Amino acid sequence: MPAERDTDRHDDLVDGRDESPAERADRNWSEVLQELRVMQTGTQILTGFLLALAFQPAFAELDARQRGVYLTLVVLSALSSIIALAPVALHRMLFRQRAKQHVVAYGHTALVTALITVSVLLIGVVGFLFDVVVDVDAGVLAAVMLALVIVILWVAAPLILRIRARTEVRS
């Protein structure tokens, strides 16, 4: 049975909210922007850290493999920023074109892609640091352990909660 709020003829979903598709798109866009802000701040800090490493005296002691890993991490860092900012660029291009739902859908896809890129970046940075400070085996172990934590917290836990929420709605 629809909630009283869902009886508005302009509301297209039975979800307990009284909002039109345009209002929902505005709300969803605000949520996308907030998630972008959170991710972008962390990515910017990580990028700054990576860029500063190249100017440290110990950087000259890296072997060719470590330099290759470092450069790959710098590219991943830049790529994650570009992907995370893509929805903002699209929003600017489509501003006042009545395409907010498309912008929100694009923003969702970009955020998921950026999360994947950032997860690889985080795993790589931690593995790289352990490699440089301890040895390559410690780097691999640290990277694997961090990957496991990311899979548990970013994939498994949300999927479990999503399934539980769907089950509760059906009950």
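Look above for the structure.
Residues numbered from 1 in each chain as written. Predicted model: local features only at pLDDT ≥ 70, side-chain atom pairs only at ≥ 80, totals over all residues. Heavy atoms only, no water.

*Asks:* Account for the overall build of the protein, naming residues and giving values.
*Replies:* From N to C terminus, the protein includes four helices and zero strands. Buried positions account for 29% of the 171 residues belonging to the protein. Within the protein, residue pairs in contact and separated by at least 24 positions form 57% of the contacts whose partners lie at least 6 positions apart. Carbon together with sulfur atoms contributes 67% to the accessible area of the protein, which is approximately 11500 Å² in total. (Helix = DSSP H or I, 4+ residues; strand = E, 2+ residues; numbered from the N terminus. Buried < 20%, exposed > 50% of the residue type's maximum accessible area, 1.4 Å probe, protein only. Contact = heavy atoms within 4.5 Å. Areas by Shrake-Rupley, 256 points an atom, 1.4 Å probe, with all protein chains shown as cover.)

*Asks:* Before we move on, could you go through the nonpolar core and cite the residues and values that matter?
*Replies:* Trp-29, Val-32, Leu-36, Met-39, Ile-83, Ala-84, Val-103, Val-104, Ala-110, Leu-111, Ala-114 and Val-118 together form the largest nonpolar core, which totals 12 residues. When contributions to this core are tallied by element, the ones reaching two or more residues are helix H1 (21-53), helix H2 (64-93) and helix H3 (100-133). Here this core gets six residues from one element, more than from any other, and that element is H3. Not counting residues up to four positions away in its chain, the partners in contact with Leu-36 are Ala-84, Pro-87, Val-88 and Leu-111. Among the nonpolar cores identified, the runner-up in size contains 11 residues, and Leu-50, Leu-53, Leu-62 and Leu-73 belong to it. (Core = buried A, V, L, I, M, F, W, Y, C linked by side-chain atoms within 4.5 Å.)

*Asks:* Outline a nonpolar patch on the surface, supporting the account with residue identities and numerical values.
*Replies:* A grouping of Leu-115, Leu-141, Met-145, Leu-148, Val-149, Val-151, Ile-152, Leu-153, Trp-154, Val-155 and Leu-159 is seen on the molecular surface, where their side chains present a nonpolar patch of about 990 Å² in accessible area. Looking at the nonpolar patch, the element that brings in the most residues is helix H4 (residues 136-170), giving 10 residues. You can see Trp-154 is positioned in helix H4. (Patch = residues over 30% accessible without salt bridge, like charges linked within 9 Å, V, L, I, M, F, W, Y side chains within 5 Å. Salt bridge = Lys/Arg side-chain N within 4 Å of Asp/Glu carboxyl O.)

*Asks:* Just give me the short version of the pattern of salt bridges, but keep the residues and values in it.
*Replies:* According to the stated counting rule, one finds three salt bridges in the structure shown. Between Glu-31 and Arg-27 there is a salt bridge, with its nearest N and O atoms 3.2 Å apart. Of the two residues, Glu-31 and Arg-27 both sit in helix H1, four residues apart, roughly one turn of that helix. Glu-31 sits in the partly exposed class, given a relative accessible area of 38%. Under the relative-accessibility criterion, Arg-27 is labelled partly exposed at 22%. With its nearest N and O atoms 2.9 Å apart, the salt bridge here joins Asp-131 to Arg-65.

*Asks:* Before we move on, can you summarise the packing of aromatic side chains with the specific residues and values?
*Replies:* Applying the stated criterion to the full structure yields two aromatic pairs. Taking 4.9 Å as the distance between ring centres and 70 degrees as the angle between the ring planes, the aromatic pair formed by Phe-59 and Tyr-70 counts as edge-to-face. Placement of Phe-59 in the loop between H1 and H2 and of Tyr-70 in helix H2 is noted, with a sequence separation of 11 residues between them. When sorted by exposure, Phe-59 lands in the same class as Tyr-70, which is buried. Relative to Phe-128, the ring of Tyr-70 lies with its centre 6.2 Å away and its plane at 40 degrees, an arrangement referred to as tilted. Residue Tyr-70 is found in helix H2, and its partner Phe-128 is found in helix H3; the two are separated by 58 residues along the sequence. According to the relative accessible area criterion, Tyr-70 is buried, its value standing at 4%. Classification of Phe-128 as buried rests on a relative accessible area of 6%. (Phe/Tyr/Trp six-rings, centres within 6.5 Å; stacked < 30°, edge-to-face > 60°.)

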